Amino acid sequence: MRRVLAVLLAAACSAGGAAAQAGPAPALDRAAQRAVVDSVAAVLEARYVDAGVAREVGARLRERLAAGAYAADTLPAALGAALTRDMYAVSRDLHMRLNWEPAREFTLAGAAQSGPPPAAGVVRTGRVDGRDSATIARTNHAFQRVERLAGNVGYLKLDQFVPLDYAGATAAAAMAFLANSDAVIVDLRDNPGGSPDNVRFLLSHFFAPDTVLLWATANRGLRVRNEYRTLRDLPGRRLAGADLYVLTSRRSASSAETFAYATKWTGRGTVVGERTAGAGNGGARLSVGHGLALFVPQWQVTTGPGFERTGVEPDVEVPEDSALAAAHVLALRKLAARADDPRVRREREWALERVSAASRPAPSSAELARYAGAYGARAVRLRAGGLVLLSPTGSETPLVPVAEHIFHAGDAVRVRFETDAAGRVLALTVEQAAGSGHRAERTPDPSPPPA
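Residues numbered from 1 in each chain as written. Predicted model: local features only at pLDDT ≥ 70, side-chain atom pairs only at ≥ 80, totals over all residues. Heavy atoms only, no water.

Examining the overall build of the chain
Item 1. What the chain contains, in helices and strands, is eleven helices and 21 strands.
Item 2. Counting over 451 residues, the chain shows a buried share of 47%.
Item 3. If you take every contact in the chain between residues at least 6 apart in sequence, the share linking residues at least 24 apart comes to 67%.
Item 4. Taken as a whole, the chain presents about 20300 Å² of accessible surface, with 53% of it coming from carbon and sulfur. (Helix = DSSP H or I, 4+ residues; strand = E, 2+ residues; numbered from the N terminus. Buried < 20%, exposed > 50% of the residue type's maximum accessible area, 1.4 Å probe, protein only. Contact = heavy atoms within 4.5 Å. Areas by Shrake-Rupley, 256 points an atom, 1.4 Å probe, with all protein chains shown as cover.)

Here you go:
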């Protein structure tokens, strides 16, 4: 859990990078520290999801202040880190944190703008991510990879949910790329969270146009309830018929957990990987004085049990580094089982062979050598520790082992060797993805070239 807290704090500090350009921080005397602690306590008691826990946190901070625990934390950033540790010790809420961000001032979501105008160079904002738009754009709005995997399975790796006013075009382009997929794997293993509007936008693509409740939250302080429903209008095609798989790890937090949780709660897809961080209370930042911003967890999930502290339990639990391969195998098995078209079924079964083979040790050169020889107009040769198939015209295609006596020559050709009871290779059959095939018995090979 400490590791997860460190990851979330690091992400928060990175997102609030504007503070680094604000110049030297003024030292805080005891009166300033008391003012910050009182402000933090008051905000939490008014806004935090649990009033009782908020009172306990406030009491703990005042107790620690009176005992001189923050005497050495005279710089705002140091005080923020110390208060964050003490708040977490009581609340165990991964979202509750205090950062020094003097270049920005915050107001709570739904609250009216009040107070004096900001100082020169200070931007008032409710947006959590403090990076400028150009910096965010250079990350491709956290869309790391979008590709087509074997068997027409789409893959999206997303490392943050950037608000749609920045990431909208990139998000739409990513979903357009995936639009023809038979199944989609969304990889959130390195995603610490972000904006719920992006979660809703991406998830909406996996539902029909009728609006569906994805999740709901309640705000104790504001006495309001939010419902997040699928969007009726989208810029591109939907993937309502595609199977959905979501990859998670212990680092998946906040909005990444919301995506996984909504996927499970609606029954729309399958979560594969590890239990998530357990940062379930959404919130916003509020300035509490001296350039310090408090992230106030104030939105509690009300659809189902939620995932605060507990995290989202995967449907298929595997180590995070095995999650992608596991989800890919699950997708291909399901797709192959329901394929009516023999050619489509063959494509998916062959893709499943290739993906499953990746977890098995490769055969040795000695094991491969038994297949080398002449087969009618074709030949199989050992080259640099691997096999190649020679066509009647002499062109060579590498053979990739996928199962016992079975090899693939690219995505559209499968080579199957026949053996007798003693293990001697008797023949090979070259199968085409289109359905045609050619069988050739092993013939004498009087002058095989050296391996």
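As for the sheet that holds strand E9 (residues 243-248)
In any sheet, the strands associate via hydrogen bonds between backbone groups, in a parallel or an antiparallel arrangement.
Item 1. Strands sit in the order E4-E5-E6-E9-E10-E13 across an open sheet of six strands; the sheet is mixed. Each edge of the open sheet carries a strand with a single partner, namely strand E4 (143-149) and strand E13 (316-317).
Item 2. Of the pairings in the sheet, the one linking strand E6 (residues 183-187) to E9 comprises five bridges and is parallel in character. Paired with Asp187 across the bridge in E9 is Leu247.
Item 3. Of the strands in this sheet, E6, E9 and strand E10 (270-273) are in contact with helix H8 (residues 255-265), which crosses E9 at around 140 degrees. (Pairing = 2+ DSSP bridges. Axes fitted to C-alpha atoms, helices over the stretch in contact; angles between N-to-C directions.)

Description of the packing of aromatic side chains
Item 1. What the rule picks out here adds up to seven aromatic pairs.
Item 2. Between Tyr261 and Phe307, the aromatic rings sit 5.3 Å apart at their centres with planes inclined by 50 degrees, giving tilted as the arrangement. Taken together, the positions of Tyr261 in helix H8 and Phe307 in the loop between strand E12 (292-301) and E13 put the pair 46 residues apart, joining distant regions of the chain. The pair Tyr261 / Phe307 is uniform in exposure class, with both members buried.
Item 3. Each member of the aromatic cluster is reached from another via a ring pair, and the members are Tyr371, Tyr375, Phe407 and Phe417.
Item 4. Directly above the aromatic system of Phe295 lies the positively charged group of Arg97, at a separation of 4.7 Å from the ring centroid. (Phe/Tyr/Trp six-rings, centres within 6.5 Å; stacked < 30°, edge-to-face > 60°. Lys NZ or Arg CZ within 6 Å of the ring centre and 35° of its normal.)

So, helix H9 (residues 323-337)
Item 1. Spanning 15 residues, H9 covers 21 Å between terminal C-alpha atoms, matching the ideal 21 Å at 1.5 Å per step.
Item 2. Restricting attention to buried positions, one finds in H9 the residues Ala323, Ala326, Ala327, His328, Val329, Ala331, Leu332, Leu335 and Ala336.
Item 3. For H9, the elements touching its buried residues are E4, strand E5 (153-158), E6, E9, E10 and helix H10 (342-357). (Expected span 1.5 Å × (residues − 1).)

What to know about the pattern of salt bridges
Item 1. A complete count under the given rule lists 27 salt bridges for this structure.
Item 2. Taking the shortest distance from any N to any O, the salt bridge between Arg145 and Glu147 comes out at 2.4 Å.
Item 3. Take Arg145: its relative accessible area is 37%, and that puts it in the partly exposed class.
Item 4. For Glu147, a relative accessible area of 26% puts it in the partly exposed group.
Item 5. A salt bridge links Asp411 to Arg354, with the nearest nitrogen and oxygen atoms 3.6 Å apart. (Salt bridge = Lys/Arg side-chain N within 4 Å of Asp/Glu carboxyl O.)

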